[in-house]
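Structural characterization, general
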Amino acid sequence: MSTSATYTKPLPRIDERNKPHWDGNAAGEVRVQACDDCSMLRFPASRWCPHCLSEKTSWTKVSGKGQVWSWCVFHRAYFKGFEPDLPYPVVLVELDEGPRIYSNLVGMPRDKIRIGMRVRAVFEKATDEVTLLKFEEDK
Amino acid sequence: MSLRNRVAVIGVGTTAAGTMPGNDAYDLGLIAFQRAMADCGIKRTQIDGLIVNRIPDYQRFAEIAGMDPRFALVTPGQGRMSGNSIEIACAAIEAGLAHTIALVYGNNGKSAGDQYGGEGDRYGGGGVGPWFPYGMTSPGAAHAVMFQRHMHLYGTTSRQLAAVSVAFRKHALLNPDAVMKKPITIEDHQNSRFIAEPLHLFDYCLINDGSVALIVTSAERAKDFPKPPVYVRGFGVSTKLKGSSLPPDDFWHAPMQQVAKQTYDMAGVTHDDLDGLMIYDNFSPTVLFTLEGFGFCKQGESGDFVQNGRLELGGELPSNTDGGHLSNSYMQGWALNAEAVRQLRGECGARQIKDAKLIQYMCAAPLVTSIIYGTDPT
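The structure displayed is predicted, hence computed values, not measured ones. Residue numbering note: each chain is counted from 1, following its sequence as written. To read the labels, note that chains go from A and ligands from 1, taken in the order they are written. The predicted nature of this model means local features are confined to residues of pLDDT at least 70 and side-chain atom pairs, given and counted, to a pLDDT of 80 or more, with totals for whole chains, interfaces and linings taken over all residues.

1. Here we look at the interface of chain A and chain B
As a reminder of what qualifies: By the convention adopted here, residues make contact when the C-beta atoms placed from their backbones lie within 7 Å. Strands are runs of DSSP state E lasting at least 2 residues, helices are runs of H or I lasting at least 4, and numbering of each runs from the N terminus. Residues are grouped as follows: Ala, Val, Leu, Ile, Met, Phe, Trp, Tyr, Cys and Pro are nonpolar; Asp, Glu, Lys and Arg are charged; all remaining types, including Gly, are polar. The pairing criterion for strands is at least two bridges between them, as found by DSSP.
The interface is formed by 26 residues belonging to chain A together with 24 residues belonging to chain B. Within the residue set of the side of chain A that touches chain B, elements represented by two or more residues are β4 (65-74), β5 (88-95) and β6 (100-103) of chain A. The leading source of residues in the side of chain A that touches chain B is β4 of chain A, at 5 residues. Of the residues assigned to the side of chain A that touches chain B, the class counts are 19 nonpolar, 4 polar and 3 charged. The sheet contact formed by β4 of chain A and strand β5 (residues 194-197) of chain B spans 2 bridges and is antiparallel. Paired with V73 of chain A across the strands is E197 of chain B, a residue of β5 of chain B.

Structure, rendered in structure tokens:
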């Protein structure tokens, strides 16, 4: 962990709308938006439900379990802070509840990553203010 | 009412792609525009419509070009908008908004140092920003994720994909204006460095400076110009924009099927009638997705389908004969449309498709378009 001043990777732009997700990460649970009218789950945060256009929304805790939908490995650093990590994988996780989230796998050599692999959430503190949602293999 | 053969391309102008410092997108656009006017001997006063793309503003462009068109429009600088802009021009002519429209594209991306990944990544209107903390960025990586899934579902391989890059490179060597001048082999593709694995460098398009202009008019007026008109025989458009900050489940197969039906129905032709293809190749996997989506092969079979020179000149479906985005330059679909016109005019020299009469342009993206161009006015 580092302070915001020394952390070199991109940090999320936390605002009033998406803050509950980041608070959830800090509290060790995965929170996504749920539409109060049609119940559709969504992430990243948005003001209106794209399914029914309701503005009424709550944040709900989901299991944090899912599977790798697909992935790739970056061999080029588009962000300077990721340069020391090259080559680094990024996974697209499909949560069991539906939403898909780009993230990273912890403790997993990249030649072992497979589509369909079961994963569960882990929380990695990046700075005093930001905890990232990552995943590990769910054996 | 069908728009088949109601509009024709009468003028084409392009610059070679490369590094052209000292030219902004307006300058580059004006160069291609003047070449397109010279190509068909038209005067500015005969043009009453203007659509600019990637050039930031129609007002400034028309001011520089000294024009007061009746109809003027700017479309966003996304490659999928080339086909869309041409289709809008056809509809505008048919609706009487203008009778003759100049479509002008200018791209100074190389000199301007454009990057498609990192903090400046605005793909999907910035919808990808939330993934930056996890290192996810760039359309190339999104396509890598899609190709990884295609590999998983269908057993497609990077080695199969290489056939696309090799074919288009062969074509680029026959195009004096293309950026890439050296042949590549399957092994060269496999040995080229990864950018976003499983995609290699040679799976990526080339960012350069350059410009393209097309002049389109009604079929009736097109007969008054010196070169044989190239008719817009059929076109279609559809989208998959819901959730489009993430890759689609189906590699855009469903919207492509819709566009294919619209386009072939309007044109009154089938796959077998086509002499060549212009396939939007921002990244080589897009070519595979397109061949499946438009029904040239079954879903999942594109890896096999592109083998044995099928997309090469002399093959069954010569594609991207200018070298495409992969080996000519990333002119965001515009150069492919210009190449379709030149092929149908028989102007392509060493890379000419013999007796080309029908060529289809296709773009697989969250907004899918296709245009079939033909020489036959009936």
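2. Comments concerning helix α13 (residues 334-345) of chain B
Residues and elements named next belong to chain B. Rules: Each helix should span, by expectation, one fewer than its residue count multiplied by 1.5 Å. Between the buried cut of 20 or more and the exposed cut of 12 or fewer other C-beta atoms within 10 Å of a residue's own C-beta lies the partly exposed class, and all C-beta atoms are placed from the backbone.
The end-to-end C-alpha distance of α13 is 17 Å, a good match for the 16 Å that 12 residues give at a rise of 1.5 Å each. The buried fraction of α13 is high, at 11 of 12 residues. Listed as buried for α13 are W334, A335, L336, N337, A338, E339, A340, V341, R342, Q343 and L344. Where α13 terminates, the next one or two residues include G346, which has phi positive at roughly 75°.

3. So, the pairing of strand β9 (residues 276-279) of chain B
Residues and elements named next belong to chain B. Covered by surrounding structure in β9 are G276 and M278 together with L277 and I279, the residues of both alternating faces. Looking at chain direction, β9 and strand β10 (residues 358-363) are connected through 4 bridges and run parallel. Following the sheet pairing, G276 is matched in β10 by I359.

4. Let's talk about the sheet that holds β9 of chain B
Residue and element names in this part refer to chain B. Cut-off, in case you're wondering: Axis definition: a line fitted to C-alpha atoms, limited for helices to the stretch in contact. Angles are taken between N-to-C directions and run from 0 to 180 degrees.
The strand order β3-β2-β4-β7-β1-β8-β11-β10-β9 describes an open sheet built from 9 strands, whose pairing is mixed. Two strands lie at the open edges of the sheet, namely β3 (71-75) and β9, each paired on one side alone. Averaged over all adjacent pairs, the angle separating strand axes in this sheet is 25°, with direction ignored. Here strand β2 (residues 49-53) runs beside strand β4 (residues 100-108); their pairing, made up of 5 bridges, is parallel. Its bridge partner lying in β4, L50 is registered against A102.

5. So, the environment of L214 of chain B
Residues and elements named next belong to chain B. Among the secondary structure elements, L214 is positioned in strand β7 (residues 209-218). Since 29 C-beta atoms lie within 10 Å of it, L214 is described here as buried. Beyond its immediate stretch of four places on either side in the chain, L214 contacts V9, G11, V12, A36, I86, L103, N337 and A338.

6. Topic: the pairing of β4 of chain A
Residue and element names in this part refer to chain A. Judged by how many residues are buried, β4 sits mostly within the fold: 8 of 10 residues are covered. In the sheet, β4 pairs with strand β7 (residues 118-125) via 3 bridges, with the strands oriented antiparallel. Its bridge partner being in β7, G66 is matched across the sheet by V119. Pairing of β4 with β5 involves 8 bridges; the strand directions are antiparallel.

7. Here we look at the confidence of the model for chain B
Let me state the cut-off plainly: Per residue, pLDDT captures the predictor's confidence, and it can take any value from 0 to 100.
When pLDDT is averaged across chain B, the result is 96; 100% of the residues are at 70 or more. Note on the complex model: pTM 0.97, ipTM 0.97.

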